[in-house]
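Here's the letter readout for the chains.
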Amino acid sequence: MSKRRALVSVSDKTGLVDFVKGLQSLDWEIIATGGTQKLLEDNGVHTIGISEVTGFPEICDGRVKTLHPKVHGGILARRDVPEHMATLAQEGIQTIELVCVNLYPFKQTIAKPNVSMEDAIENIDIGGPSMVRSAAKNWRDVNIVCDPADYATVLGELQANGWTSDETRLKLSAKAYTHTAEYDMMISTYMRAQAGLPEKLFLEYDIRQSLRYGENPHQNAKFFAALEPVPFSLASARQLNGKELSYNNIQDANAALNIVREFGDTPFCVGLKHMNPCGAAIGKDVVEAWTKAYEADKVSIFGGIVATNCELTREAAELMKPIFLEIIMAPKFSEGALEVLSAKKNLRLLEVDMSKDNATHMQYVSVNGGMLAQELDTDTVQLTEEMCVTELKPSAEQMTDMQFAWRIVKHVKSNAIVVVKNGMTLGVGAGQMNRVGSAGIALKQAEATLAAEGKDIREEGLVMGSDGFFPFGDSVESAAEYGIKAIVQPGGSVRDDESVNAANKHGITMLMTGMRHFKH
């Protein structure tokens, strides 16, 4: 009986030598190609060159080397079909029981700056996908290994049982087809762009977890993660405590992280409910930021989510502990903070990568029968005095608060209005059908918050931010009734003059940014 054979041809050579040495110790013969053969031979592994198997040299600069009946016949022949085995014997073809192949680094090639189309095309693998698909098709008789993470499993079963289980080979086959599908998807996307063909959207995500249910208990739901981790992502967050995340938790937490992203290294904290901030603030440290965010709305934060861009300290944790919260997110938790908060067994603590990221990320939203795609709204203009459109110019303090309001209001559901003072929200009006309605909600909330401290809103000189333009002057009139002294809004209405005139009449300074931030 001839020895079992493995055909090895890989671009990713991680762990390969030990894997192949393990096969050889089990008396397997090793067939190898090109650079793979050189690596193995240099490490003391005897191999059979692919040309010795095919009886034909590698040609066309290596483009043709494994596309041969003596390769694919040895892989594809069904061992339980006598006619197949008779054909192999007649043609002098030996069976191949294991194919270890991963593909040319096409993705890495096209990611290089200014890569030429010629270089990209030379990194399109032809023989590799053919061998992978052949072995995957004949999974009952052949092991297809394209992921170095599977080396230990395959070798372990061969050492223990002399052969792999049907279950293992089926899983390897499924992974192999995924490997070639992902590869072809990348090539298709690249080549269609080169050819100027209409876009096709290929999305690739791995299951992160099955969720207990979706927005409501009668809806099934799953959480999928992108293949490559990115900052400010729950998909790569490390959970340190608490229950599994729910569908609504993930939606809310993602919204909170997008707000935190706005503030860079400035100590910041936000409390969030139903994807809207209920309290947000900057401070000299995490304790002050949290204290101000909590004071902004002590009612709505109940059962909410908290996110900060600072390491969470024991002192901050002690302040948060008495409040019922679903999730706390931070780039790092001190040992003291973990000790305090882990006492609440259901409280989810998430350590999230919040490193600076200048990449452009796409956002996808499914609609019935289709998909919307847009760039994530990560741009926020820096406010300048040149944006002022009123007779009264803003003070330095007002500019700081307007910048804060502008960074918060973009993350509130439209129509959105926020009222702020001293780097903290005092009122948030979200998701109303008209802007004056949102303004009314935010202003009345700010009035109630200040009244609880014995303050009159009309004496505080507050700042208002709006995510979209004022279609009429009525929102400015409402703001004036509550003593608002500065407004930031995008402008762009055919009636902008009404808003400017109202602001001038009431002694309000107003900036128009030229950029809106609708959030539906």
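Preceding this section is the structure that the text describes.
Caption draft 1: Geometry of the overall build of the protein chain. Counting its secondary structure elements, the protein chain contains 18 helices and 20 strands. Relative to its length of 520 residues, the protein chain is extended, with a C-alpha radius of gyration of 31 Å against a globular reference of 24 Å. Long-range pairs, those at least 24 residues apart, make up 55% of the contacts in the protein chain with a sequence separation of at least 6. Of the roughly 25600 Å² of accessible surface on the protein chain, a fraction of 50% belongs to carbon and sulfur atoms. Between the centroid of the 52 positive side chains of the protein chain and the centroid of its 67 negative side chains there is a distance of 4 Å.

Caption draft 2: Representation of unusual backbone geometry within the structure. Here serine 414 and asparagine 415 are connected by a cis peptide whose omega angle stands at -10 degrees. Residue position: asparagine 415 is located in the loop between helix H15 (396-409) and strand S16 (417-421). Its identity as a non-glycine residue notwithstanding, aspartate 27 has a phi of 75 degrees, on the positive side. Mapped onto the fold, aspartate 27 is located in the loop between helix H1 (16-25) and strand S2 (29-32).

Caption draft 3: Representation of the layout of surface pockets. Considered as a void within the structure, the second largest pocket measures approximately 600 Å³ in volume. Of the residues assigned to the lining of the second largest pocket, the class counts are 6 nonpolar, 8 polar and 9 charged.

Caption draft 4: Up close: the state of the cysteines. Going through the model one piece at a time under the given rule, you end up with 0 disulfides. No disulfide involves cysteine 100; its sulfur sits 8.7 Å from the nearest other cysteine sulfur, which is in cysteine 146. A relative accessible area of 0% means that cysteine 100 is categorised as buried.

Caption draft 5: Expanded view of the environment of alanine 253. Along the chain, alanine 253 turns up in helix H11 (residues 247-260). Residues alanine 253 and glutamate 91, spaced 162 residues apart in sequence, show a C-alpha to C-alpha distance of 63 Å.

Caption draft 6: Fine view of the side chain of threonine 513. For threonine 513, the location among the structural elements is in the segment after strand S20 (509-512). Residue classification places threonine 513 among the buried residues on the basis of a relative accessible area of 11%. At 3.0 Å, the side chain of threonine 513 and the backbone oxygen of methionine 515 are in polar contact. Residue contacts for threonine 513: discarding those within four places in its chain leaves Val381, Leu383, Met387, Trp406, Val488, Gln489 and Pro490.

Caption draft 7: Structural view of the packing of aromatic side chains. All told, the structure shown has 7 aromatic pairs when counted by the stated rule. Taking 5.6 Å as the distance between ring centres and 80 degrees as the angle between the ring planes, the aromatic pair formed by phenylalanine 106 and tyrosine 190 counts as edge-to-face. One end of the pair, phenylalanine 106, is in helix H6 (residues 106-110); the other, tyrosine 190, is in helix H10 (residues 166-195), with 84 residues separating them in the sequence. Looking at phenylalanine 106, the relative accessible area reads 0%, which means it is buried. Taken together, a centroid distance of 5.5 Å and an interplanar angle of 20 degrees make the contact between tryptophan 290 and tyrosine 294 stacked.

Caption draft 8: Spotlight on helix H18 (residues 496-505). Taken as a whole, H18 has its buried residues at Asp496, Ser499, Val500, Ala502 and Ala503. Each buried residue of H18 lies within a common arc of 160 degrees when the element is viewed along its axis, so the set occupies one face. Opposite the buried face of H18, by more than 90 degrees, sit the exposed residues Asp497, Asn501 and Lys505. For H18, the elements touching its buried residues are helix H17 (474-481), strand S19 (486-489) and S20. Positioned one or two residues after H18, glycine 507 has a phi angle of 70 degrees, which is positive.

Caption draft 9: The arrangement of the nonpolar core in detail. With 50 residues, the main nonpolar core has Leu312, Ile328, Leu341, Met464 and Ile487 as its most contacted residues. Per-element tally for this core: the top contributor is helix H12 (residues 286-296), with 6 residues. Apart from the residues lying within four places of it in its own chain, the contact partners of leucine 341 are Asn241, Leu312, Ala317, Lys321, Ile328, Phe333, Leu347 and Leu349.

Caption draft 10: Examining the environment of threonine 36 more closely. Along the chain, the position of threonine 36 falls in helix H2 (residues 34-42). Exposure remark for threonine 36: the relative accessible area of 3% places this residue in the buried category. Beyond its immediate sequence surroundings of up to four residues, threonine 36 is in contact with Val8, Ser9, Val10, Lys13 and Leu16.

Caption draft 11: Structural view of the packing of H1 against H2. Put simply, H1 and H2 touch, their axes get as near as 10 Å, and they point 75 degrees apart. With respect to H2, the axis of H1 lies roughly perpendicular. On the side of H1, the interface is formed by Leu16, Val17 and Val20, while H2 contributes Thr36, Leu39 and Leu40.

Caption draft 12: Expanded view of the packing of helix H8 (residues 127-137) against H10. Two numbers describe how H8 lies on H10: the axes approach to 9 Å, and their chain directions differ by 150 degrees. If you check the angle between H8 and H10, you find them roughly antiparallel. Remark: the crossing between H8 and H10 carries left-handed chirality. Packed against H8, whose contacting residues are Pro129, Val132, Arg133, Ala136 and Lys137, the element H10 presents Ser173, Ala176, Tyr177, Thr180 and Tyr183 at the interface. Split into classes, the residues belonging to the contact of H8 with H10 amount to 6 nonpolar, 2 polar and 2 charged.

Caption draft 13: View of the sheet that holds S2. Taken in spatial order, the 5 strands line up as S3-S2-S1-S4-S5 in an open sheet, and their pairing is parallel. Every interior strand has two partners, whereas the edge strands, strand S3 (48-49) and strand S5 (143-145), have only one. On top of the sheet, H2 reaches strand S1 (5-9), S2 and S3; it is set at about 135 degrees to S2, its chief contact.

Caption draft 14: The arrangement of the pairing of strand S17 (residues 424-429) in detail. Most of S17 sits inside the fold, with 6 of its 6 residues counted as buried. Two elements, S16 and S17, share 5 bridges in a ladder whose sense is antiparallel. The residue of S17 that forms the bridge with lysine 421 is methionine 424. Connecting S16 to the antiparallel partner S17 that follows it, the hairpin turn spans 2 residues, and asparagine 422 within it adopts a positive phi of roughly 55 degrees.

Caption draft 15: Structural context of the environment of leucine 349. When you line up the elements, leucine 349 lands in strand S13 (residues 348-351). The sequence separation of leucine 349 and alanine 237 amounts to 112 residues, and the corresponding C-alpha distance is 9.8 Å. Excluding its chain neighbours within four sequence positions, the residues that come into contact with leucine 349 are Arg238, Gln239, Leu240, Asn241, Ile328, Phe333, Leu338, Leu341 and Ser342.

The rules behind the values
- Residues numbered from 1 in each chain as written.
- Predicted model: local features only at pLDDT ≥ 70, side-chain atom pairs only at ≥ 80, totals over all residues.
- Heavy atoms only, no water.
- Helix = DSSP H or I, 4+ residues; strand = E, 2+ residues; numbered from the N terminus.
- Rg over C-alpha atoms; globule rule 2.2 N^0.38 Å.
- Contact = heavy atoms within 4.5 Å.
- Areas by Shrake-Rupley, 256 points an atom, 1.4 Å probe, with all protein chains shown as cover.
- Lys, Arg positive; Asp, Glu negative; His and termini not counted.
- Charge placed at Lys NZ, Arg CZ, Asp CG, Glu CD.
- 1 Å grid on protein atoms, 1.4 Å probe; cavity = no way out; pocket = protein on both sides within 12 Å on 5 of 7 lines; lining within 4 Å.
- Points joined across faces, edges and corners; volume = space filled by probe spheres on them.
- Nonpolar A, V, L, I, M, F, W, Y, C, P; charged D, E, K, R; others polar.
- Disulfide = S-S within 2.5 Å.
- Buried < 20%, exposed > 50% of the residue type's maximum accessible area, 1.4 Å probe, protein only.
- Polar contact = N/O pair within 3.5 Å; in protein donor to acceptor, adjacent residues only side chain to side chain.
- Phe/Tyr/Trp six-rings, centres within 6.5 Å; stacked < 30°, edge-to-face > 60°.
- Arc of directions from axis to C-beta.
- Core = buried A, V, L, I, M, F, W, Y, C linked by side-chain atoms within 4.5 Å.
- Axes fitted to C-alpha atoms, helices over the stretch in contact; angles between N-to-C directions.
- Parallel < 35°, antiparallel > 145°, perpendicular 65-115°, else oblique.
- Left-handed = near helix turned anticlockwise from the far one by under 90°.
- Pairing = 2+ DSSP bridges.

Functional significance is not addressed by these values, which are geometric in nature.
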